[in-house]
Amino acid sequence: MLFVLCYLLLFGSTCVLSTYGPHQRAQMTGDILLGGLFPIHFGVASKDQDLAARPESTQCVRFNFRGFRWLQAMIFAIDEVNNSSTLLPNITLGYRIFDTCNTVSKALEATLSFVAQNKIDSLNLDEFCNCTDHIPATIAVVGAAGSAVSTAVANLLGLFYIPQISYASSSRLLSNKNQYKSFMRTIPSDEYQATAMADIIEHFEWNWVIAVASDDDYGRPGIEKFEKETEERDICIHLNELISQYMEDHEIQALADRIENSSAKVIVVFASGPDIEPLIKEMVRRNITDRTWIASEAWASSSLIAKPEYLDVVVGTVGIALKAGHIPEFKEFLQQVQPKKVNHNEFVREFWEETFNCYLKDSPRLHENDNGSTSFRPLCTGEEDIMSVETPYLDYTHLRISYNVYSAVYSIAQALQDIVTCTPGRGLFANNSCADIKKMEAWQALKQLRHLNYTKSMGAKRHFDENSANYTIINWHRSAEDGSVVFEEVGYYNMHSKRGAKLVIDKTKILWNGHSSEVPFSNCSEDCDPGTRKGIIDSMPMCCFECTECSDGEYSNHKDASICSKCPNNSWSSSNHTFCFLKEIEFLSWTEPFGIALTICAVLGVLLTAFVTGVFVKFRNTPIVKATNRELSYLLLFSLICCFSSSFIFIGEPHDWMCRLRQPAFGISFVLCISCVLVKTNRVLLVFEAKIPTSFHRKWWGLNLQFLLVFLFTFVQVMICVVWLYNAPPSSYMNHDIDEIIFITCNEGSEMALAFLIGYTCLLAAVCFFFAFKSRKLPENFTEAKFITFSMLIFFIVWISFIPAYFSTYGKFVSAVEVIAILASSFGMLACIFSNKVYIILFKPCRNTIEEVRCSTAAHAFKVAAKATLKHDTVSGNKSGSIGGSSASSPSSSISLKTNGDDGETTTRRQKPRVSFGSGTVMLSLSFEESRRSSLM
């Protein structure tokens, strides 16, 4: 392989030794020679080589005025260095500059002239040809322009370590130092440009674009990076197309069809001017003017596209342009160009002919057939006024590429200056030695350029390992004066700025499609209004969506929201789901009608109970009060006051102390109340049902034992509450589960503990109901058994209904249900147990006498004795029948009620109602004396 390459180089060098490269060039001798590669033409003529004869060199076509200006920038910079007294004194820089014609083949043809001398020297091939005479080696090359051209050139120059500094090749592939060892550039990499273009798309809130890239090493890597950037920003590419200036007409038309039929209105183009021009022409022919173009730096200010005849299509283009620089006195240098004054630049003659549309005398192109007759062009004198015509050559207001060329030359000159001023022992080469400027080789210049670090005259630093990514954002306007293109600067992009400050665009300066200030719409779907979110459409890209209304409790306050945000716990979404408002906080308040009604009822219950207590205290010595066991009645009334009062704790804003107090207060109060009723009812029942009342009953059912039982029953409930509060104390909490409302309620801590508390209360009530039902026929002056039974029925109905109501309600209604249950059961016991007695005391005082009590007692005793006699007779009759046969008759029985003593003794002596039946007499003694009645009751 190496032998073949050597043969190729030798063959190329021997064939071109007479001219040493393409015929047309700009060259000047010097001590050190620099090479240059510039696109003086946009392309080559298309010619089918049928190989019937020796192939001819392809002809370059379409003169590039900007490319010629870049060439002039290199010559101007070299002249400045040669005229400088401080930079490379006594050393003259020469140059050899060739036209690449914007094609790889022409560029490689020129590059062979740069590497031939170096290769011949290194291989010691002088025996084949004498190639060293008067041909100094090229130690560095400035160029090329296009990335595809530079890639090919870099592969060749890298073999010989000849440094190459490109002024316009931005492909990110060229950053691979392992593959392109000698390549450097003064332009940022497309790595940053693709990011900048994606940021522009995101800035204008577009998500549906078309991507077009040149089919070369510039377009493909650039658009690949752009795709990655758009994916991170949720931007979709509808069409992704490759293009070339050499595409067939039908291919261009097919591409234009796809673009015309696309709903995307923004076209991102990573291509050079010559590559995109065929598509622009087709778009102009079809008059497609509703597209917005995003131009890469390769054509953002291209004179090939920025023509008046294309403006209807491309006006409004937003382009990424390199940051402009200033070259002092360059304007005057450009104006001094003239064919008669310039001998070292063969491109000047063609430039002059293209500028004035004429031919110079003795021009080789005078009789050439340039795909048509050229005889219409007049002859030139060579002294025409260059300022009388407008060409891109004289557009020196924004020097971008020209400034990069200027910087590249000065970078090489500074590297050579570092070699000149190198101090032995501090050099970059072996043993810290310095290179000899008089015997300079390309690899030494490359080494020095890699370590170059200097400040240019403009104050900017140059270091080839750190390419600053600074771009200017331009907008294509139509000039009101002559209809030409005006590149208006509308912003900038700095990759090294902080996040959020990298891209700055003044939207007020942008004219879309040349006249509108409204940003074009280029989205797959219409923007979703606030209050909605983007919904996915099956089999469509993520940029295509349908707008779905946010759910309740969620909101979106900006357009095109991807998701709806959930409102905070204390907020709820508005009816249009565009914002959240604070939820209304609710609890069973003192001020609301429901709370006021419950409070009134509770207060009424307390007042009525206090009234009854006052009546009982006032009439404490009357038989009715005495017969109902005054002490237990007082305790019962006190417990009812506690029951009514406990309902107050359920009203108002719940706090932790309220939550921990209300259930124990309610539970203990009710247990105390029911315990009093239970003890009193059971005591009288035992006394009246006893067949032989003795002193045993009086002893064990005394007042102390009654209070002890009440205490024991209540103590059990107290212990339940203590265990509950210790293990799982209730606490207040905000219930956010309800829409638009926050209920402040009590978390009971343990539902099981609450069940134990209510269950124990109901158990005592059930026992009380049993004894009350059993004693319902006792003298009503003593126990009101029927009313107690009814009160217990009310209690059960209320609390059995309470359980499903408690678990089926929420919020403040939970407290309301419990308050209603407390009030209903409390009023039931108060009314049933005490209403009849209060009525007798206040409105029927005639019944509140000792005689009434006696009559009731005697009547009950008579009923009990009669039942016992009938039962005894039935048993005796059954026995006689079994002994005497059927002829025996039933014994007669008699019941007599006798009273010993006269009427005057009835108030001082014990009365002994006597009940007599067949087998004997049983004396049932009842005492109503003050000293003993209490023991009975």
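Residues numbered from 1 in each chain as written. Predicted model: local features only at pLDDT ≥ 70, side-chain atom pairs only at ≥ 80, totals over all residues. Heavy atoms only, no water.

K.L.:
Would you take a moment to explain the overall build of the chain for this structure?
P.N.:
Each helix and strand counted, the chain has 25 helices and 31 strands in total. Taking all 937 residues of the chain together, the buried fraction comes to 49%. Once local pairs closer than 6 in sequence are excluded, the contacts in the chain between residues at least 24 apart make up 70%. (Helix = DSSP H or I, 4+ residues; strand = E, 2+ residues; numbered from the N terminus. Buried < 20%, exposed > 50% of the residue type's maximum accessible area, 1.4 Å probe, protein only. Contact = heavy atoms within 4.5 Å.)

K.L.:
How should I be thinking about the packing of helix α7 (residues 249-261) against helix α8 (residues 273-286) in this particular structure?
P.N.:
The relative placement of two packed helices is expressed as an angle between their axes plus a distance between the axes. Between α7 and α8, whose axes approach to 10 Å, the crossing angle comes to 60°. When the interaxial angle is binned, α7 and α8 end up oblique. The handedness of the crossing between α7 and α8 is right-handed. Residues Ile252, Gln253, Leu255, Ala256, Asp257, Ile259 and Glu260 of α7 form the contact with α8, whose participating residues are Pro278, Leu279, Glu282, Met283 and Arg286. (Axes fitted to C-alpha atoms, helices over the stretch in contact; angles between N-to-C directions. Parallel < 35°, antiparallel > 145°, perpendicular 65-115°, else oblique. Left-handed = near helix turned anticlockwise from the far one by under 90°.)

K.L.:
Please clarify how the state of the cysteines should be interpreted in this entry.
P.N.:
Such a bond, covalent and formed between the sulfur atoms of two cysteines, is termed a disulfide. All chains considered together, the criterion is met by nine disulfides. Cysteine 236 shares a disulfide with cysteine 543; S-S distance 2.0 Å. Across the S-S bond of cysteine 236 and cysteine 543 the torsion is about 90°, and the bridge reads as right-handed. One end of the pair, cysteine 236, is in strand β10 (residues 236-243); the other, cysteine 543, is in the loop between β21 (532-536) and β22 (545-549), with 307 residues separating them in the sequence. Each of the two residues, cysteine 236 as well as cysteine 543, counts as buried. Note that cysteine 550 is cross-linked by a disulfide to cysteine 564, the S-S spacing being 1.9 Å. Across the S-S bond linking cysteine 550 and cysteine 564, the dihedral sits near -75°, which makes this disulfide left-handed. Taken together, the positions of cysteine 550 in the loop between β22 and β23 (554-555) and cysteine 564 in the loop between β23 and β24 (565-566) put the pair 14 residues apart, joining distant regions of the chain. (Disulfide = S-S within 2.5 Å.)

K.L.:
Can you help me understand the packing of aromatic side chains in this one?
P.N.:
Working definition: an aromatic ring pair is given by the centre-to-centre distance plus the angle between the planes. Applying the stated rule across the entire model yields 31 aromatic pairs. With 4.5 Å between their ring centres and 50° between their planes, phenylalanine 351 and tyrosine 393 make a pair best called tilted. Residue phenylalanine 351 is found in helix α11 (residues 347-356), and its partner tyrosine 393 is found in the loop between β15 (379-380) and α12 (401-420); the two are separated by 42 residues along the sequence. In this structure phenylalanine 351 comes out as buried when scored by relative accessible area, which is 0%. (Phe/Tyr/Trp six-rings, centres within 6.5 Å; stacked < 30°, edge-to-face > 60°.)

K.L.:
When you look at the sheet that holds strand β13 (residues 318-322) in this model, what are you seeing that I'm missing?
P.N.:
Backbone-to-backbone hydrogen bonds join strands into a sheet, with any given pair of strands oriented parallel or antiparallel. Overall, mixed pairing links the eight strands, which are arranged β10-β9-β11-β12-β13-β18-β19-β20 in an open sheet. Where the open sheet ends on each side, the last strands, each with one partner, are β10 and β20 (503-505). Pairwise comparison of adjacent strand axes, ignoring direction, gives a mean angle of 25° for this sheet. Strand direction decides the pairing type here: strand β11 (residues 266-270) and strand β12 (residues 292-295), joined by four bridges, are parallel. (Pairing = 2+ DSSP bridges.)

K.L.:
When you look at the confidence of the model for the chain in this model, what are you seeing that I'm missing?
P.N.:
One rule of thumb: low pLDDT means the predicted coordinates there are not for detailed reading. The predicted model of the chain averages 80 in pLDDT, with 80% of residues at 70 or higher. The model gives residues 125-134 a pLDDT under 50, and that stretch makes 12 contacts with residues more than four places away or in other chains. Across residues 882-937 the pLDDT falls below 50, and counting only partners more than four positions away or on other chains, this stretch makes 66 contacts in the model. (pLDDT = per-residue confidence, 0-100.)

K.L.:
Sorry if this is basic, but what is going on with unusual backbone geometry here?
P.N.:
Trans peptide bonds make up the majority, and among non-glycine residues the majority have a negative phi. Following glycine 143, the chain continues into alanine 144 via a peptide bond in cis, with omega recorded as 0°. Along the chain, alanine 144 falls in the loop between β6 (138-142) and α4 (147-159). For cysteine 101, which is not a glycine, the phi torsion comes out positive at approximately 55°. With respect to the helices and strands, the residue cysteine 101 is situated in the loop between β5 (93-99) and α3 (104-123).

K.L.:
Before we go on, may I ask you to explain the pattern of salt bridges in this structure?
P.N.:
Pairs may arise between side chains of opposite charge once their charged atoms sit close together. A full pass over the atoms with the stated rule returns 23 salt bridges. Its salt-bridge partner being arginine 258, residue glutamate 241 comes within 2.9 Å of it at the nearest N-O pair. With glutamate 241 in strand β10 and arginine 258 in helix α7, this residue pair connects regions lying 17 residues apart in the sequence. Note that arginine 377 and glutamate 354 form a salt bridge whose closest N and O atoms lie 3.7 Å from each other. You can see arginine 377 sitting in the loop between β14 (359-360) and β15 and its partner glutamate 354 sitting in helix α11, a full 23 residues away along the chain. Note on arginine 377: relative accessible area 17%, which makes it buried. (Salt bridge = Lys/Arg side-chain N within 4 Å of Asp/Glu carboxyl O.)

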